[in-house]
Amino acid sequence: MLRHLFSLSLLLLCLPCTAETVRMGFSNNKPPYILKGGGGIEVELVKAALSYSGHSLKPSYFEKKNLLQAIQHGRVSAIANVHTSVNDDALFYSQTYITFQNYAISHLSSQCKIPNIESLKQYRTVAWQYAHNHLGPEFRKHFNISSPLFGTSYFEHRDQVAQNRMFWQEKIEVILVDKLLFEWHRAQLSRSIDTDKK
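In every chain, residue numbers begin from 1 and rise along the written sequence. Per-residue local features of the predicted model are confined to residues with pLDDT of at least 70, and side-chain atom pairs are confined, for both listing and counting, to 80 or more; whole-chain, interface and lining totals are unaffected and use all residues. Hydrogens are left out, water is left out, and the side-chain values use all remaining heavy atoms of the structure.

A. Representation of the overall build of the protein. Helix numbering and strand numbering both begin at the N terminus, where a helix is a DSSP run of H or I of at least 4 residues and a strand a DSSP run of E of at least 2. The helix and strand tally for the protein stands at six helices and nine strands. Taken across its 198 residues, the protein has 44% of its residues classed as buried. Here, Shrake-Rupley sampling with a 1.4 Å probe gives the accessible areas, and only protein chains in the shown set may cover a residue. Summing over all exposed atoms, the protein offers an accessible surface of approximately 10,800 Å²; the carbon and sulfur share of this is 51%. We call a residue buried when its accessible area falls under 20% of the maximum for its residue type, exposed when it is over 50%, and partly exposed in between, using a 1.4 Å probe and counting protein chains only.

Encoded structure:
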């Protein structure tokens, strides 16, 4: 089984730090890490870290693609869930605070053989939005937006419920996903569709 880890950091605006409320931008609704309406594993982790330093957290939620713009235009003083470098001297990255365990998951009945990234080319596959930028240079080489596979047999979907629904309804053969996200959505979807198939 193909497995890939990537870590996320915080991107912070260089401001003097005193014990105060930190306005931080998070991406929208990525359960169980970020829950619709507030909270979630990632938000609570950041809140605890800030509290340890005498700060409090005021979260704001944005579409993932709008996070960088939110900090650059002063709507927030920090953003979470950042994995690419930005050339801006007014910004800096924290140390890694969360790591995802991404897997290529398929149903046993599909008999997918996935010894390496290139082998995914033969299967209908879905991943999260911008996964081609997050999973390393070899993955990007095969599945970038210029690839003939992009949008035909390889899909990136911003809605993780939809990704998981596609998998359980067998519209795709492989889902690339963090293990905890997969299990959380499996439990949630089990209320409306069959998620017991191995």
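B. Here's a closer look at the packing of aromatic side chains. Each Phe, Tyr or Trp ring, with Trp reduced to its six-membered ring, pairs with another whose centre is within 6.5 Å; inter-plane angles below 30 degrees give stacked pairs, above 60 give edge-to-face pairs, and intermediate values give tilted ones. This model, assessed by the stated rule, comprises nine aromatic pairs. With centroids separated by 5.7 Å and ring planes inclined at 70°, the aromatic side chains of F139 and Y154 adopt a geometry described as edge-to-face. Taken together, the residues span a long stretch of sequence, with F139 in helix α4 (residues 137–143) and Y154 in strand β8 (residues 154–157) at a distance of 15 residues. This pair shows no difference in class: F139 is buried, exactly as Y154 is. Taken together, the ring pairs in this structure connect F139, F143, F150 and Y154 into an aromatic cluster.

C. Molecular detail of the nonpolar core. Within this scheme, the nonpolar core is defined by two criteria: the residues are buried Ala, Val, Leu, Ile, Met, Phe, Trp, Tyr or Cys, and they are joined through side-chain atoms within 4.5 Å. Core analysis: the biggest nonpolar cluster contains 27 residues, and M24, F26 and I175 have the highest contact counts within it. The set of elements that each furnish at least two residues to this core consists of β2 (21–27), α1 (41–52), β4 (78–82), β6 (98–106), α5 (160–168), β9 (174–178) and α6 (179–189). Considering every element that reaches this core, the biggest residue donor is β6, with four residues. Once you skip the residues sitting within four places of it in the chain, I175 turns out to touch Y103, A104, I105, V126, Q163, N164, F167 and F182. Counting 16 residues, the second largest nonpolar core, distinct from the first, contains C112, L120, L149 and L176. Residues are treated as being in contact if the distance between any of their heavy atoms lies within 4.5 Å.

D. Geometry of the pattern of salt bridges. The salt bridge definition used is simple: a Lys or Arg side-chain nitrogen within 4 Å of an Asp or Glu carboxyl oxygen. Counted under the stated rule, the structure contains six salt bridges. For the salt bridge of E173 with R124, the shortest nitrogen-to-oxygen distance reads 3.7 Å. You can see E173 sitting in the loop between α5 and β9 and its partner R124 sitting in the loop between β6 and β7 (125–128), a full 49 residues away along the chain. K197 is the partner of E170 in a salt bridge, and the nearest nitrogen-oxygen pair spans 2.6 Å. Taken together, the residues E170 in the loop between α5 and β9 and K197 in the segment after α6 connect sequence positions 27 residues apart. Taking the relative accessible area as the measure of exposure, E170 reaches 41% and is therefore partly exposed. By relative accessible area, which is 28% here, K197 ends up partly exposed.

E. Examining the environment of F26 more closely. Structurally, F26 can be placed in strand β2. For the pair F26 and K64, spaced 38 residues apart in the sequence, the C-alpha separation amounts to 7.8 Å. Those residues in contact with F26 that lie beyond four places of it in its chain are I34, E42, V43, V46, L57, P59, S60, Y61, F62, L67 and A80.

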